[in-house]
Amino acid sequence: MKDLLEIRNLKITTLRGKETVRLLDYVDLNIPKKCSFGIVGESGCGKSITANAVLGLLPYPLRVSEGSIRYDSRDGEKELLRLNKKEMQAVRGGEISMIFQEPMTSLDPIFTVEKQMAEAVSFHHPNAGRGEIRERSLEMLKKVNIPRPEQTLASYPHQLSGGQLQRIMIAIALINNPRLLLADEPTTALDVTIQAQILKLMNDLKEQNDTSIVMITHDLGVIAETCEEVAVFYAGQIVEQANVVELFSHTAHPYTQGLLRAVTSLGGATRKLYTIPGIVPPGGQWLSGCRFADRCSRCTERCRQEMPALKEVSPRHLCRCFQNSGEVDA
Ligand SMILES: Nc1ncnc2c1ncn2[C@@H]1O[C@H](COP(=O)(O)OP(=O)(O)OP(=O)(O)O)[C@@H](O)[C@H]1O
Ligand SMILES: [Mg+2]
């Protein structure tokens, strides 16, 4: 396998009553080794369910109904969708870690931080001694800038602030030096200074340990600062994909152009927040043509009738738009 992770034709559905509703439609993604890969899009586009599917964490009634997710693990290639519970547990938190969007839901309120960090280590390293684990935990807490690490180890989640909990989550996700880190809006809950520190920490980790990072965010500014490659999601599909320099210099899809206008903090300047008019259609209520048609200022009759394919507009730059594949006069 050339890449670390290969997602092919991934389709995720859910049930509403007796009806099957599509939430993600035939997504292909290749995450190279030692790469920081961004997934960007507005709320509800399918970013989190894609990451959750990788680790087998889709909540019922959501399920992967088609596709494959292949992973080049330390001991050979694996089809993650076919792993049993035990095999998946060995991958999760060891080789592939996830930072969840909701920090509160993934820490257990009845155990101290020390116990939860120790468990994360000893599950994957059963021979590690107590002293060694404590030292490693303290080191990780310092790395994520927790001010009083000893005191924090002895704390219970309810004694800590949201920002501290988020940093502890990040420390736990990184404690076993994962090969792939799925970071789902890892810094949204943090203030800007800490946000920058955390993004730097993740980048250092990538450099030091050759970790690949999938950074999920709604903010193209975060992508610009942290990622090499980027996929833009819209209504359960990829609408544009390229390396970051190419995406920012030759933005092809009208949706990505809208997202770019909505970035407030690039270069530190703040201006009035632009928002793309309209909303993302929810799963099951997608148009049969281009799903962005209703919100697109360049929409034509054909866009309403037919779904554009994801096509190369220049080498390794993909876009799902008739206007940019030379099929319709712009
Ligand atoms: N547990 C669930 N039950 C039913 N539908 C769900 C569930 N989780 C997600 N969905 C639906 O799946 C679609 C994709 O959701 P997802 O959480 O992946 O969006 P997202 O891109 O991560 O958005 P956000 O930026 O708000 O986190 C949405 O239409 C959402 O309503
Ligand atoms: Mg999400």
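Placed above this text is the structure.
Please read all numbers here as calculations on a predicted model, not as lab measurements.

### Points about the site of ligand 1
Close to ligand 1 lie 13 residues, the nearest being S43, G44, K47, S48 and Q101. Contact distances for ligand 1 include 3.2 Å between an oxygen atom and a backbone N or O atom of C45. In the environment of ligand 1, an oxygen atom lies 2.9 Å from a nitrogen or oxygen atom belonging to the backbone of I49. Within the complex, 68% of the 630 Å² of free accessible area of ligand 1 lies under protein.

### Topic: the coordination of the magnesium ion (ligand 2)
The protein atoms that coordinate the magnesium ion (ligand 2) are S48 (OG) and Q101 (OE1), at distances of 2.0 to 2.4 Å. Of the two residues, S48 is situated in helix α1 (residues 47-54) and Q101 in the loop between β6 (96-99) and α3 (103-106); the sequence distance between them amounts to 53 residues. The class of Q101 is partly exposed, set by a relative accessible area of 39%.

### Comments concerning the sheet that holds strand β10 (residues 237-243)
If you walk across this open sheet you meet the eight strands as β6-β7-β8-β3-β9-β10-β12-β11, and the pairing is mixed. What marks the edges here is a single partner per strand, and that holds for β6 and β11 (311-314). Strand-to-strand twist of the sheet, defined as the mean angle between neighbouring strand axes without regard to direction, takes the value 20 degrees. Here strand β7 (residues 180-184) pairs with strand β8 (residues 212-217) via five bridges, running parallel. Paired with L180 across the bridge in β8 is S212.

### Some points on the packing of helix α5 (residues 130-143) against helix α7 (residues 162-174)
Relative orientation and spacing of two packed helices are given, respectively, by the angle between their axes and the distance between those axes. Direction vectors running N to C along α5 and α7 enclose 130 degrees, while the axes themselves pass 9 Å from each other. Here α5 lies oblique to α7, going by the angle between them. By crossing handedness, the relation of α5 to α7 is classed as right-handed. Taking contact as the criterion, the partners of R136, M140 and L141 in α5 are, on α7, I168, A171 and L174. Looking at the contact of α5 with α7 residue by residue, the classes come out as five nonpolar, no polar and one charged.

### Observations regarding the pairing of strand β4 (residues 63-73)
In the sheet, strand β1 (residues 5-16) pairs with β4 via seven bridges, with the strands oriented antiparallel. By the bridge assignment, K11 is partnered in β4 with E66. Where β4 and strand β5 (residues 76-79) come together, four bridges link them in antiparallel fashion. Across the sheet, Y71 pairs through a bridge with K78, a residue of β5. Hairpin connection of β4 to β5: two residues between the antiparallel strands.

### Things to note about the environment of H124
For H124, the position within the fold is in helix α4 (residues 113-124). Distance from H124 to E95, taken between C-alpha atoms, is 9.4 Å for residues 29 residues apart in sequence. Beyond its immediate sequence surroundings of up to four residues, H124 is in contact with Q89, A90, R92, G93, G94 and N176. Within the local environment of H124, its side chain forms a polar contact with the backbone oxygen of R92, the two atoms lying 3.0 Å apart.

### Some points on the packing of α4 against α5
One way to put it is that α4 packs onto α5 with a least axis distance of 10 Å and a crossing angle of 110 degrees. Classified by the interaxial angle, the pair formed by α4 and α5 is roughly perpendicular. Read as a crossing pair, α4 and α5 show a hand that is right-handed. Where α4 approaches α5, its residues E114, M117, A118, V121 and S122 are matched on the opposing element by I133, R134, S137, M140 and L141. Here the contact of α4 with α5 is composed, by residue class, of six nonpolar, two polar and two charged.

The rules behind the values
Residues numbered from 1 in each chain as written. Chains lettered and ligands numbered in written order. Predicted model: local features only at pLDDT ≥ 70, side-chain atom pairs only at ≥ 80, totals over all residues. Heavy atoms only, no water. Near = heavy atom within 4 Å. Polar contact = N/O pair within 3.5 Å; in protein donor to acceptor, adjacent residues only side chain to side chain. Areas by Shrake-Rupley, 256 points an atom, 1.4 Å probe, with all protein chains shown as cover. Donors = N, O, S within 2.8 Å, 3.2 Å for Na, K, Ca; no water. Helix = DSSP H or I, 4+ residues; strand = E, 2+ residues; numbered from the N terminus. Buried < 20%, exposed > 50% of the residue type's maximum accessible area, 1.4 Å probe, protein only. Pairing = 2+ DSSP bridges. Axes fitted to C-alpha atoms, helices over the stretch in contact; angles between N-to-C directions. Parallel < 35°, antiparallel > 145°, perpendicular 65-115°, else oblique. Left-handed = near helix turned anticlockwise from the far one by under 90°. Contact = heavy atoms within 4.5 Å. Nonpolar A, V, L, I, M, F, W, Y, C, P; charged D, E, K, R; others polar.

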